[in-house]
Amino acid sequence: MHTVVQIPGDGIGPEVSKATRQIVEATGVNIRWVMADAGAQVLKETGELVAESTYQAIATHGVVLKGPITTPIGTGFRSVNVSLRQKYDLFANIRPIRSLDARAPAIDFIIFRENTEDLYAGREIKISDDEVHAIKVITRGASTRIAKAGFDYARANGRKTVTAVHKANIMKLADGLFLEAFRAVAASYPEIATNEVIVDNMCMQLVMRPDAYDVIVTENLYGDILSDLGAGLIGGLGLVPSANIGTTCAIFEAVHGSAPDIAGKGMANPIALTLSAALMLDHLGEQDAAKAIRESVEAVMRDKSVLTPDLGGKGNTDSLTRALIAGLH
Ligand code: NAI
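Topic: the site of the ligand
Looking at the ligand, there are 20 residues lining it, with Ile 69, Gly 257, Ala 259, Asp 261 and Asn 269 nearest. Note that a nitrogen atom of the ligand is positioned 2.9 Å from one of the backbone N or O atoms of Asn 269. When isolated, the ligand has an accessible area of 810 Å², and the protein chains bury 69% of it. When its residues are assigned to classes, the shell around the ligand shows 9 nonpolar, 7 polar and 4 charged.

Next comes the structure, spelled out in C-alpha cells:
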C-alpha cells in the first residue's frame, strides 16, 4: 500500500483532482490518500495559501499529487508552486512532451528543467523608482544535479541524445557556468550523444523539427517557456504532465494553472493531471498501472464525442473520465 498526499487546489483543481483519483483507483493500485488543503479557500480562512497541516503531510509522506493553485496578483504572495519547490528542494522539474494522437507527427521529448534558482530565486532589488534589478542565480551544484538527472534518465530509458539549452553567448558567466557543469556531467555518459543549442534557436527548432529532440536539460526560465511551447505542439496545456523531484519528496502536477475562465463548468480536461498521476505511479514502482493509464489516454484521444472542448471535443470532464476508466486494461 502506498500513501499519497492529494492537494486538490482551486479553480479547476478540485474537478480534475477528483477525476484523476477515480482513474487511479480504477487501475486497482492500493493507495491511501491523505487529503491536504492549499489555495484560495485556505487563504480566505487563514490568511495563508498553504495550511500548516499540508506542509506536515508533505514532509511525512513525501509523495504528492497536486492540483493547480491560483497565485493572487498584486498582494505580495509568492507563487505556492515556486515556494514548495524551494522549500522541499524539488530540484528537477520533469516535463514529458509526447504527441498522443497517433495521426500527428511523432513528438517525444522530455524537458529536465532546473527548478530552484535562475530568475526564480526571487532576488529583485529596487534601485530607484525607475530602475529594478532581477538577479539571475546559477550555481555549479544545481546545474550539475539537473544535468545528472537528465543523463540518468537517458541512460535508464534508452534515450540517445541530451541537449543543453542555454544563452551563454550573452550571459557568458551565468549560462557559461551552466554549460561547464553540463559538459563535466556528460563526460561520465560516453554512450549518450550531446548537443548544445541557444534558447532562441531552440524555440524555432522545436517548432520546425520537434521529432529531432530527445532529452533536453535547461535552466529554470528557459525550461518554463520551452514546456509551454511543447504543450502547444501536442494539443495544449490540458495534455502536459510534470514531476517535481527532490531528494526526499516528489510532487506531481499538471503544467497548466487553475483556469479560472472554465472553473466550475464541468469542462476541464483531466488528462494532464491523470498523466501526472502516471508519472507518480512510475515513481512508486507501479509501472503496469502507469502504462494502462497512458494506453487508455491514447485510445480515448481518437473519440471526439467524449473529449473536452479544449481538445475540440463535444464532451465534458465526466464523459472523458468515464471513457478513461473504461479504457483501462
Ligand atoms: P491556465 O493554465 O490556468 O489557463 C490557460 C488557458 O488554458 C485557459 O484558457 C484555460 O481555460 C486553459 N486550460 C488550462 N488547463 C486546462 C484544462 N485542464 N482543461 C481545459 N482548459 C485548460 O493559465 P493562467 O490563466 O495563466 O493561470 C491561472 C492561474 O493559475 C494563475 O493564478 C496562475 O498563477 C496559476 N497557475 C498555477 C499553476 C500551478 O498551480 N501549478 C501553474 C500555472 C499557473
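Brief notes about the pattern of salt bridges
Scanning the entire structure with this criterion turns up 20 salt bridges. Of the charged contacts, one joins Glu 191 and Arg 155 as a salt bridge, the two residues approaching to 2.7 Å between their closest N and O atoms. Note that Glu 191 is positioned in the loop between α6 (174–186) and β9 (193–198) and Arg 155 in helix α5 (residues 140–156), a separation of 36 residues in sequence. If you follow the salt bridges from partner to partner, you end up with Asp 118, Lys 136, Asp 175 and Glu 219 in one network.

Regarding the packing of aromatic side chains
Between two aromatic rings, the relevant description is the distance of the centres plus the angle of the planes. Using the criterion set out here, one finds 3 aromatic pairs in the structure. Taking 5.4 Å as the distance between ring centres and 50 degrees as the angle between the ring planes, the aromatic pair formed by Phe 112 and Tyr 153 counts as tilted. In this pair, Phe 112 sits in strand β5 (residues 108–114) while Tyr 153 sits in helix α5, placing the two residues 41 residues apart along the sequence. With a relative accessible area of 2%, Phe 112 lands in the buried category. What makes Tyr 153 partly exposed here is its relative accessible area of 24%. Ring-pair connections join several aromatic residues into one group, and the members of that group are Phe 151, Phe 182 and Tyr 189. It is Lys 87 that lies over the ring of Tyr 55; its NZ or CZ is 4.6 Å from the centre.

Details of α5
Here α5 is 17 residues long and its end C-alpha atoms lie 24 Å apart, about the 24 Å a rise of 1.5 Å per residue gives. Inspection of α5 places Ala 142, Ser 143, Ile 146, Ala 147, Ala 149, Gly 150, Phe 151 and Ala 154 among the buried residues, and these make up the whole buried set. Tucked inside the fold, the buried residues of α5 contact β4 (92–98), β5, β8 (161–166), α6, β9 and β10 (215–218). Following α5 by one or two positions, Gly 158 has its phi on the positive side, about 65 degrees.

Brief notes about the pairing of β10
The two faces of β10 match: Val 215 and Val 217 on one face and Ile 216 and Thr 218 on the other face are all buried. Summarising the sheet, β5 and β10 pair through 4 bridges and their orientation is parallel. Among the inter-strand pairings, Arg 113 is bridged to a residue of β10, identified as Thr 218. Sheet topology note: the β8/β10 ladder contains 4 bridges and is parallel.

Looking at the sheet that holds strand β1 (residues 2–7)
Spatially, 10 strands are ordered β2-β1-β3-β12-β11-β4-β5-β10-β8-β9 in an open sheet, and the strand pairing comes out mixed. Looking at the sheet topology across the chains shown, the edges are occupied by β2 (31–35) and β9. When strand polarity is set aside, the average angle formed by the axes of neighbouring strands in this sheet is 25 degrees. By the bridge criterion, 5 bridges tie β1 to β2 in an arrangement that is parallel. Directly across from Val 4, in β2, lies its bridge partner Trp 33. Across the face of the sheet, helix α3 (residues 52–61) comes into contact with β1, β2 and β3 (63–66) while running at roughly 155 degrees to β1. Sheet contacts for α6: β8, β9 and β10; angle to β8, the most-contacted strand, approximately 165 degrees.

Considerations on the environment of Asn 157
By secondary structure assignment, the location of Asn 157 is in the loop between α5 and β8. It is 28 Å that separates the C-alpha atoms of Asn 157 and Gln 86, two residues lying 71 residues apart in sequence.

Cut-offs used in this document
- Residues numbered from 1 in each chain as written.
- Predicted model: local features only at pLDDT ≥ 70, side-chain atom pairs only at ≥ 80, totals over all residues.
- Heavy atoms only, no water.
- Near = heavy atom within 4 Å.
- Polar contact = N/O pair within 3.5 Å; in protein donor to acceptor, adjacent residues only side chain to side chain.
- Areas by Shrake-Rupley, 256 points an atom, 1.4 Å probe, with all protein chains shown as cover.
- Nonpolar A, V, L, I, M, F, W, Y, C, P; charged D, E, K, R; others polar.
- Salt bridge = Lys/Arg side-chain N within 4 Å of Asp/Glu carboxyl O.
- Helix = DSSP H or I, 4+ residues; strand = E, 2+ residues; numbered from the N terminus.
- Phe/Tyr/Trp six-rings, centres within 6.5 Å; stacked < 30°, edge-to-face > 60°.
- Buried < 20%, exposed > 50% of the residue type's maximum accessible area, 1.4 Å probe, protein only.
- Lys NZ or Arg CZ within 6 Å of the ring centre and 35° of its normal.
- Expected span 1.5 Å × (residues − 1).
- Contact = heavy atoms within 4.5 Å.
- Pairing = 2+ DSSP bridges.
- Axes fitted to C-alpha atoms, helices over the stretch in contact; angles between N-to-C directions.

Fair warning: the whole summary comes from geometry, so function is off the table for now.
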